[in-house]
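Given next are the chains, with one letter for each unit.
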Amino acid sequence: MRKYSIFALAREAMRQHKGWEEQWGSPEPKSSYDVIIIGAGGHGLGTAYYLAKEHGIRNIAVLEKSWLGGGNTGRNTTVIRSNYLYDESAGLYNHALNMWDNLSQDINYNVMYSARGVMMVAHNVHDVQVLKRHVHANRLNGVQNEWLSPQEAKEFCPPLNISKSCRYPIMGAALQRKGGTARHDAVAWGYARAASDLGVDIIQNCEVTGIRRAADGSVAGVETGKGFIGAKKVGVVAAGNTSHIMQMADVRMPLESFPLQALVSEPLKPIFPCVVMSNSVHTYISQSDKGELVIGAGTDQYTSYAPNGSLHITNHNLEAICELFPIFSRVKMMRTWAGTVDVTPDRSPILAKTPVKGLYVNCGWGTGGFKATPGSAHVFAHTIANDAPHKINEFFTLERFKTGRLVDESAAAAVAH
Ligand code: FAD
Ligand code: PYC
């Protein structure tokens, strides 16, 4: 990977941003496409890119009701890791983790993937048992993860308070060194530019309001704010809005939507070297390249599409951060926001065909789909192109909610749903 100085990075960001504005705008839609993707987040744009690059399908449109990357892709806290429990998840999330290594080179856009390590801390015997179980299960699956003593955890992350008398004492930690962060908006822009270069139409301000079916029940196209657009295949990749869109095709989804919020502090000089997550206290923290502490918690308790979350969650979150990292207790917070996440009963995603011929769905990532973006897009493109799942996503079906063959990742989801 090339090393960039901060000035080279700034120049590169400006160059890329200018290129993006000049190249794209939003084309007027054609009357029909081979594939329409609903939703220009990272997963949707990535799907279009891999459809064009690996499956030779170029007559594609990505329809976005707002601006590209303005959904959860541009709102998330960019934690990347693959330390999930079950074999099925290891396959999916590790596929994604391995793709982050070369993503910048592949799409020729610096997504600033930084493998700075994700450390999950344990505060009680139950946490220790759960996290050690994950370490062992991960290693059996060839997924890197290791156990640290409290002292080793502090050496890895010096601001961590390991005093035995604090409210959330540290009894050890699971560390995935290859985990880390990336720049979320660059992921959206990078995939968009790379897909656009391959001929994909990215059409912003184009809300899908209906899904039209042919006489045989298969997909015929979509109704939008810009009129009807025909399509042989339609992929729904709309995160928190998925149920609403799938209802347009009479498909009921096993999903609930919740606000998930995050906040950032005023910028600080580099002080925080990694990502730390506390699954039982429901808080996590890292530091962005701009210097802000990036902090988040669990979802709100109530289903909602509101783009903001409840204040008591922020309050609890900051209390926990100050307890775990007393050094930050006088830092000022700068802004908060939220996104709408869609949650399945087993906290694993759905990447699948649907009962409607020609209609495919990628959703249910809940609080944790950013990390999966390249892998998810890659296997979803395969699913659409071949009308059959890739080996990696064959378990992540809609049918599992009827058969009961679930992939229960509630514990590995880490950020409470
Ligand atoms: P989105 O980026 O939301 O894209 C979907 C797009 O569909 C949106 O742009 C939306 O406008 C569009 N759309 C919706 N309805 C329509 C319609 N009718 N017509 C046309 N377009 C439509 N994950 C992690 O792995 N690590 C994290 O640290 C992390 N932190 C998070 C923090 C927060 C605060 C939030 C909210 C989420 C977080 N996530 C995290 C989850 C992650 O952001 C999502 O799982 C992921 O970004 C989903 O990407 P997407 O492309 O599927 O969805
Ligand atoms: O899935 O790692 C994660 C995550 C961190 C913050 C939100 N989701």
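The structure displayed is predicted, hence computed values, not measured ones. (Residues numbered from 1 in each chain as written. Chains lettered and ligands numbered in written order. Predicted model: local features only at pLDDT ≥ 70, side-chain atom pairs only at ≥ 80, totals over all residues. Heavy atoms only, no water.)

S.K.: Please clarify how the side chain of Asn393 should be interpreted in this entry.
M.R.: For Asn393, the position within the fold is in the loop between α9 (373–386) and α10 (400–403). Of the residues examined, Asn393 reaches a relative accessible area of 1% and is grouped as buried. One polar contact links the side chain of Asn393 to the main-chain carbonyl oxygen of Leu351, over a distance of 3.0 Å. Here Thr383 takes part through its side chain, which lies 3.0 Å from a polar atom of the side chain of Asn393. (Helix = DSSP H or I, 4+ residues; strand = E, 2+ residues; numbered from the N terminus. Buried < 20%, exposed > 50% of the residue type's maximum accessible area, 1.4 Å probe, protein only. Polar contact = N/O pair within 3.5 Å; in protein donor to acceptor, adjacent residues only side chain to side chain.)

S.K.: Any chance you could explain the environment of Asn76 here in plain terms?
M.R.: Mapped onto the elements of the fold, Asn76 is located in the loop between β2 (60–63) and α3 (87–107). Look past the residues within four positions of Asn76 in its chain and what remains in contact with it is His184 and Phe370. At 2.9 Å, the side chain of Asn76 and the backbone oxygen of Thr73 are in polar contact. (Contact = heavy atoms within 4.5 Å.)

S.K.: For this particular structure, what's the right way to read the sheet that holds strand β10 (residues 256–267)?
M.R.: Within a sheet, each strand pairs with its neighbour through backbone hydrogen bonds, oriented either parallel or antiparallel. In space, the 8 strands of this open sheet follow the order β4-β5-β3-β11-β12-β13-β10-β14, with mixed pairing throughout. On the outer flanks of this sheet lie β4 (146–148) and β14 (333–343), each paired with one strand and no other. Each strand of the sheet is rotated relative to its neighbour by a mean of 20°, with strand direction disregarded. Sheet topology places β4 next to strand β5 (residues 172–176); 3 bridges connect them, and they run antiparallel. Counted as the bridge partner of Glu146 is Leu175 from β5. (Pairing = 2+ DSSP bridges. Axes fitted to C-alpha atoms, helices over the stretch in contact; angles between N-to-C directions.)

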